[in-house]
Each structure stands twice: as structure tokens, then as C-alpha cells.
Amino acid sequence: MFLNRLKKLKSYKTETTPCKVKLSSNELPFDLPEDLKEKISKEIRKIPFQRYPDPNITELREILADIYGVNENNLVFGNGSDELIQLLINTIGDLKKPIAYPIPTFPMYQVSADTIGRDKVEFRLNENFDLVKGEIDKALERNVDIIFYASPNNPTGNSFNSDLIRYTVDQNVFVVVDEAYIDFSDKKSFLNEALNEDNLVVLRTMSKIGLASIRLGVLIAREDIAMEINKGRLPFNITYPTQVIAKVVLTEGLDIIRENINRIKIERDKLINELSKINEIKVYPSDANFILIKTPNGDLIHRKLIEKGVLVRNMSHIPYMENCLRVSIGKPEENEIFIESLREVIKENF
Ligand SMILES: *Cc1c(COP(=O)(O)O)cnc(C)c1O
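None of these values were measured; they are calculated from a predicted model.

> What exactly am I supposed to notice about helix 12 (residues 298–307) here?
Because each turn of an α-helix spans 3.6 residues, side chains separated by three or four positions in sequence point in the same direction. Along helix 12, the positions that sit buried rather than exposed are Gly 298, Leu 300, Ile 301, His 302 and Leu 305. Tucked inside the fold, the buried residues of helix 12 contact strand 11 (310–314), strand 12 (324–328) and helix 13 (332–349). N-capping of helix 12 is provided by Asn 297, with a side-chain oxygen placed 3.4 Å from the backbone N of Asp 299. Just downstream of helix 12 lies Gly 309, where phi reads positive at about 85°.

> Explain the sheet that holds strand 11 here, please?
Pairing between the strands of a sheet is mediated by backbone hydrogen bonds and can be parallel or antiparallel. With respect to topology, 5 strands assemble into an open sheet ordered 1-11-12-10-9, the strand pairing being mixed. The open sheet is flanked by strand 1 (21–23) and strand 9 (282–283), the only strands paired with a single partner. Where strand 9 meets strand 10 (residues 290–294), 2 bridges bridge the pair, whose relative direction is antiparallel. Paired with Val 283 across the bridge in strand 10 is Ile 293.

> How do you make sense of the domain arrangement of the protein when you look at a structure like this?
Frequently, the measure chosen for interface size is the accessible area removed from exposure when the parts meet. For the protein, the assigned domains read domain 1 (4–31 + 255–349) and domain 2 (52–252). Spacing between the C-alpha centres of domain 1 and domain 2 amounts to 24 Å. Facing the 25 residues of domain 1 at the interface are 31 residues of domain 2. With both sides pooled, the region where domain 1 packs onto domain 2 buries about 2,400 Å², and carbon together with sulfur makes up 64% of that total. There are 2 salt bridges connecting domain 1 and domain 2. For Asp 186, the salt bridge is made with Lys 265, and the minimal N-O distance between the two is 3.0 Å. Here domain 1 and domain 2 share 8 residue pairs in polar contact (both at pLDDT 80 or more) between them. For the side of domain 1 that touches domain 2, the secondary structure elements donating two or more residues are helix 11 (254–275) and strand 10.

> How do you make sense of the site of the ligand when you look at a structure like this?
Taken together, 13 residues surround the ligand, and among them Asp 178, Tyr 181, Thr 205, Ser 207 and Lys 208 come closest. In the model, an oxygen atom of the ligand is placed 2.9 Å from a nitrogen or oxygen of the Asp 82 main chain. The side chain of Arg 215 places a nitrogen or oxygen atom 2.7 Å from an oxygen atom of the ligand. If the ligand stood free it would expose 390 Å²; the protein chains cover 94% of that surface.

> Mind showing me how you'd approach the packing of helix 3 (residues 58–68) against helix 10 (residues 240–252) here?
Between helix 3 and helix 10, the shortest axis-to-axis distance is 9 Å and the interhelical angle comes to 35°. At the point where helix 3 passes helix 10, the crossing takes the left-handed sense. Across from Glu 59, Leu 60, Ile 63, Leu 64 and Ile 67 in helix 3, the residues of helix 10 making contact are Gln 243, Ala 246, Lys 247, Leu 250 and Thr 251. Among the residues forming the contact of helix 3 with helix 10, the class breakdown is 6 nonpolar, 2 polar and 2 charged.

> Mind showing me how you'd approach the nonpolar core here?
When a protein is soluble and globular, its nonpolar side chains tend to lie buried together. Ranked by size, the top nonpolar core spans 85 residues in total, and within it Phe 338 and Leu 342 carry the most contacts. Ranked by residues supplied to this core, first place goes to helix 11 with 6 residues. Residues lining this core come from more than one domain, with at least three contributed by each of domain 1 (4–31 + 255–349) and domain 2 (52–252). Contacts of Phe 338, omitting those with residues within four sequence positions, involve Leu 23, Leu 271, Leu 275, Ile 293, Leu 305, Val 310, Val 312 and Val 327.

> It is not clear to me how the pattern of salt bridges should be interpreted in this structure. Could you clarify?
Close approach of charged atoms allows side chains of opposite charge to pair. As enumerated under the stated definition, the model contains 26 salt bridges in all. Here Glu 59 and Lys 247 are joined by a salt bridge, their closest N and O atoms 3.0 Å apart. One end of the pair, Glu 59, is in helix 3; the other, Lys 247, is in helix 10, with 188 residues separating them in the sequence. Accessibility expressed as a relative area gives 49% for Glu 59, which makes it partly exposed. Its relative accessible area of 23% is what places Lys 247 among the partly exposed residues. Residue Asp 269 is joined to Arg 268 by a salt bridge in which the shortest nitrogen-to-oxygen separation is 3.2 Å. A relative accessible area of 43% places Asp 269 in the partly exposed class. The class for Arg 268 is buried, based on a relative accessible area of 5%. Because the salt bridges share partners, they merge into one network encompassing Arg 166, Asp 170, Lys 188, Glu 193 and Glu 197.

> Sorry, what's going on with helix 4 (residues 81–91) here?
Buried residues of helix 4: Ser 81, Leu 84, Ile 85, Leu 87, Leu 88 and Ile 89, and no others. Two residues or fewer after helix 4 comes Gly 93, characterised by a positive phi angle close to 75°.

> Is there a simple way to explain the side chain of Ser 24 in this structure?
Here Ser 24 lies in the loop between strand 1 and helix 2 (34–45). Judged by relative accessible area, which is 0%, Ser 24 ranks as buried. Apart from residues lying up to four places away in sequence, Ser 24 is in contact with Glu 15, Leu 311, Val 312, Arg 313, Arg 326 and Ser 328.

Thresholds, definitions, all that
Residues numbered from 1 in each chain as written. Predicted model: local features only at pLDDT ≥ 70, side-chain atom pairs only at ≥ 80, totals over all residues. Heavy atoms only, no water. Buried < 20%, exposed > 50% of the residue type's maximum accessible area, 1.4 Å probe, protein only. Helix = DSSP H or I, 4+ residues; strand = E, 2+ residues; numbered from the N terminus. Contact = heavy atoms within 4.5 Å. Polar contact = N/O pair within 3.5 Å; in protein donor to acceptor, adjacent residues only side chain to side chain. Pairing = 2+ DSSP bridges. Domains from an automatic or database assignment. Buried area = accessible area lost by both parts, 1.4 Å probe. Salt bridge = Lys/Arg side-chain N within 4 Å of Asp/Glu carboxyl O. Near = heavy atom within 4 Å. Areas by Shrake-Rupley, 256 points an atom, 1.4 Å probe, with all protein chains shown as cover. Axes fitted to C-alpha atoms, helices over the stretch in contact; angles between N-to-C directions. Left-handed = near helix turned anticlockwise from the far one by under 90°. Nonpolar A, V, L, I, M, F, W, Y, C, P; charged D, E, K, R; others polar. Core = buried A, V, L, I, M, F, W, Y, C linked by side-chain atoms within 4.5 Å.

Below is the structure:
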């Protein structure tokens, strides 16, 4: 009886089939260089392991504020942006009022709402996976308190129409712009607007730019808003090792991160070009570190690619994503293997 609500929940599954080429989780394919790992090891050795970490994340806060060009008090830290999404859903607005998001999108909004039994309003994107004003209006009429926009969106790869994001901010609703992939995009960020609004926050994460292992996400908001949201955060949610590692990488490894982002953007554009030469495949545009493709048979191609040692994310079972696969950009040689394998699978089966 006590577990009834939990029994109704589905557990969150990610693809774990071990494969030689892993292009399924939108991670950066490049590990940190050895000399940087050496520096990290030295700093890790200095940690007093019996002590709690700095609850205010002071030093890392200064470094990230500087990188984003904001004040230290504009930031709220999360154990990944997943935790910040959960924090917002647990604390913003009237918990009896629903959250809203366009679909298809990042599943964590739905997962976090279901965990606390908060209602959801899901609304449609158009055939290019972009926002539609009428759909936003219909959602707003249903009394929603928060809207989540992942832009660039996962799993579709495109950025949303920024005028319609702005339009939403001008309504009576709290808007979260999740910019997990903004580093791979040349489109506009809402970071500066978030500094001027009381109903707009931006989410960023280290996960897609090479530090998925340490779980570090950041919320950026006006100081007074950030201060309130910060009250809902658990005091020691950013571990000592995470703070130490992020400090080293974000001071001594920034050039490497920037270089890696550029490499991914170049590889992405090459891969889009190669994919668009395959007649059986529809390629969607991407502002992110992955590409969405529509295939003649998603389940089959997904399975056959695994047999060839290539793991991509199968989106076929998700509404409006029939036969779609999501492919993260890997190292050049990995992308080569993927496109070769895909060509073979299509030749053998269609
Ligand atoms: C990957 C992803 C995140 C999760 O980031 P973490 O910081 O690893 O929790 C958030 N939003 C979107 C849209 C993502 O794709």
C-alpha cells in the first residue's frame, strides 16, 4: 500500500548494450588528455575525504560566473541538470497545477513530474519539430505553471523559434529554457534575457561537453530568483570531487573543451552531408551533438547496427518518432564505421 505510487512508475532505461562504437547517449567522444588527468589526480589527493564539500560551491561558482559573463549569485548548481529539472518541478508554482512541454522532447520533464504526481500538459510540435503558437496557447489555457523548452531540442536536434519562446515568457507562466546543447549551436541563447526576467531561467550542463561523469548542471537566473530557487537545493549536492575536477578542467582545460566542441560541429556537418546521400534516409537539421534520422525500419536497423558493433538510440517507440534513430556524433573513425555499417544494413535489407 505504501508503495502504490512507486509501483505505477516505470524505471528510466538507457541503452546499455555494450558496443564497440557507442553513439547513443550524446556524450562527447573525447576523453580528457593525460596531462589534465594528472593535474586532476594531484588535486583529488588533496581532498580531506572525511569533510563535507563546500555547500556554496564558492570557487567553482566564481569560475563559471566568469565563463558565462554573469554574477556569482545568478547561479544555482545541480547534480546534473536533471536534478535542477526535478528541483523546479518540485518547487515552482502551485504543485496542483500542471507543468507543460512540447513533444517529442527530453523525457526527464515527464519522469520528474510523474515521480511527484504533478500533472503534465504535452503539446504538439509541427512537422519540422518547431513550436506552434496555437499549441502553446492551448497549453496555457490549461492553467500550467511551468513550461520546459529544450532548445536545441533532444531528440530532434533543432532549436525552437526564439520569437515563440519570447512570446511564452511574455505570458503568465514560468519558462525554463534547457540549453544542454547550446554550445553546438549558432542560434541565440536566452541567458541574457533570463537575467532580466522573473519568470525565465536557463539550464546548462557539463555533460554534453566532456564531463558527463562528474554530474554538474547549472541554472542561470536573475539574482533574486536564483536565491529563492537555491533554497530548494540539497546543501551538499555537488560532491567534493566534482567541485575539484570541474575547477581544474574549467580553468586549465577550457581551450581543449572549445576545440572539442568545434571538432564535433565539423564532424556533424560532414555526417549530415554523408547521410543525405542515402536515399532511404531522411536527415533532420541539427544544432546539437547528435543527428536525428528517419529510416525505412527503425527497430530493424537499430538491431542490425548493434550486430555490427554500433549502438545508436532507437526512438521508434516514441510518439511522432516512428522509425527514427538518434545518432550522437563520435570520433571521425567512429562516424566512419557508423555510416559504412548503415550503408551495408540498408543495402542488405531494403
Ligand atoms: C542530456 C540532457 C540533459 C541532462 O543533463 P545532465 O546535466 O546530464 O543531467 C538535460 N536536458 C537535455 C535536453 C538533455 O538532452
